[in-house]
Amino acid sequence: MADSAASGGGGGGTGSRVMVYFSIGLRALALVCAVIVIGISDDLLKGTIFGRDYCVLGAVVNDYDDYDTGDTNACNYGIGVGVLTSLCVIVFILLELLLVLRGVGGAAMIKIFCLADLVLSGLLALLWLVGFIYILDKWDDSGPKEKHIPFLGFKLDDKADAVGAAVAFSLFGAIIWVVLAVMAGIRLKQTM
């Protein structure tokens, strides 16, 4: 029974152990994606202009030099999902190390962990997918990228690489969490 709990609760032996190590690696990769999106959203996309928050996403510069400060919610969404993901990843890696690999809890605790893992992974996959679509949509809604914003000292096109990285890592995050949700479903089925 202790070997079964240590290997993932399903008696799968080495295969379940490999799946646990693989899920820990994917969680670490998800943490890297989250930290990158937080950094990009906070440092590169967001700022303050004349006491108002500014976000490159959704910013429009029209012919009359009237500046729209963009959709700060898009930048804040990336920060919020990134922070939530970071906290969840740290907690779930620790729980996985304690419950599944060390066998601290019994088979019932491992089932609860696998169910919570499935729900959380599915929720985070949805949040990252929404973030990917939201950031991509707001970047598409941005005005002409060649317009110069004099009081900021850059063209909107100068931030295209940062936004592209935020979009890419949001997509990577969504894919990682979908894979983790599928793996959690498989592990839950093994524990039943």
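Up top is the structure.
The text that follows walks through the structure, step by step, so that each part is easy to find. (Residues numbered from 1 in each chain as written. Predicted model: local features only at pLDDT ≥ 70, side-chain atom pairs only at ≥ 80, totals over all residues. Heavy atoms only, no water.)

Observations concerning the environment of Lys111
Then comes step 1: Residue position: Lys111 is located in helix α4 (residues 107-141).
Then comes step 2: Look at Lys111 and you get partly exposed, because its relative accessible area is 34%.
Then comes step 3: Sequence-wise, Lys111 and Leu188 are 77 residues apart; in three dimensions their C-alpha atoms are separated by 6.4 Å.
Then comes step 4: Those residues within four positions of Lys111 in sequence are excluded, and the remaining contacts are Leu188, Thr191 and Met192. (Helix = DSSP H or I, 4+ residues; strand = E, 2+ residues; numbered from the N terminus. Buried < 20%, exposed > 50% of the residue type's maximum accessible area, 1.4 Å probe, protein only. Contact = heavy atoms within 4.5 Å.)

Structural notes on the nonpolar core
Then comes step 1: The biggest cluster of nonpolar side chains holds 29 residues, and the ones touching the most others in it are Phe113, Leu124, Trp128, Ile176 and Trp177.
Then comes step 2: Where this core is concerned, the elements lending two or more residues are α2 (14-44), α3 (72-101), α4 and α5 (160-191).
Then comes step 3: With residues near it in sequence (within four places) discarded, Trp177 still touches Arg27, Ala30, Thr85, Val89, Ser121, Leu124, Ala125 and Trp128. (Core = buried A, V, L, I, M, F, W, Y, C linked by side-chain atoms within 4.5 Å.)

Some thoughts on a nonpolar patch on the surface
Then comes step 1: A contiguous nonpolar patch, built from Phe22, Leu171, Phe172, Ile175 and Val179 and spanning about 430 Å² of accessible area, is present on the exposed surface.
Then comes step 2: Broken down by element, the residue count for the nonpolar patch peaks at four residues, all from α5.
Then comes step 3: As for its position among the elements, Val179 is in helix α5.
Then comes step 4: The class of Val179 is partly exposed, set by a relative accessible area of 34%. (Patch = residues over 30% accessible without salt bridge, like charges linked within 9 Å, V, L, I, M, F, W, Y side chains within 5 Å. Areas by Shrake-Rupley, 256 points an atom, 1.4 Å probe, with all protein chains shown as cover. Salt bridge = Lys/Arg side-chain N within 4 Å of Asp/Glu carboxyl O.)

Points about the pattern of salt bridges
Then comes step 1: Following the criterion strictly, the structure yields three salt bridges and no others.
Then comes step 2: Where Glu96 meets Arg27, a salt bridge forms, and the shortest distance between an N and an O atom there is 3.2 Å. With a gap of 69 residues between them, Glu96 in helix α3 and Arg27 in helix α2 connect regions that are remote in the sequence.
Then comes step 3: Residue Glu96 pairs with Arg187 through a salt bridge whose shortest N-O separation is 2.4 Å. Of the two residues, Glu96 is situated in helix α3 and Arg187 in helix α5; the sequence distance between them amounts to 91 residues. Both residues of the pair, Glu96 and Arg187, belong to the buried class.
Then comes step 4: One salt-bridge network, in which partners are shared between bridges, spans Arg27, Glu96, Asp117 and Arg187.

Topic: the environment of Met19
Then comes step 1: Residue placement: Met19 occurs in helix α2.
Then comes step 2: Each C-alpha atom of the pair Met19 and Ile186 lies 9.6 Å from the other, and the pair is 167 residues apart in sequence.
Then comes step 3: When near neighbours in sequence (up to four residues on either side) are disregarded, Met19 contacts Met183, Ile186 and Arg187.

Side note on the environment of Leu101
Then comes step 1: Its place among the elements puts Leu101 in helix α3.
Then comes step 2: Along the sequence, Leu101 and Tyr21 sit 80 residues apart, while their C-alpha atoms lie 9.1 Å from each other.

Re the packing of aromatic side chains
Then comes step 1: One pass over the full model with this rule turns up three aromatic pairs.
Then comes step 2: Geometrically, the ring pair formed by Tyr77 and Tyr134 is edge-to-face, given 6.0 Å between the ring centres and 90° between the ring planes. Note that Tyr77 is positioned in helix α3 and Tyr134 in helix α4, a separation of 57 residues in sequence.
Then comes step 3: Pairing Phe92 with Phe113 gives two aromatic rings, centres 5.5 Å apart and planes at 35°, and the pair type is tilted. (Phe/Tyr/Trp six-rings, centres within 6.5 Å; stacked < 30°, edge-to-face > 60°.)

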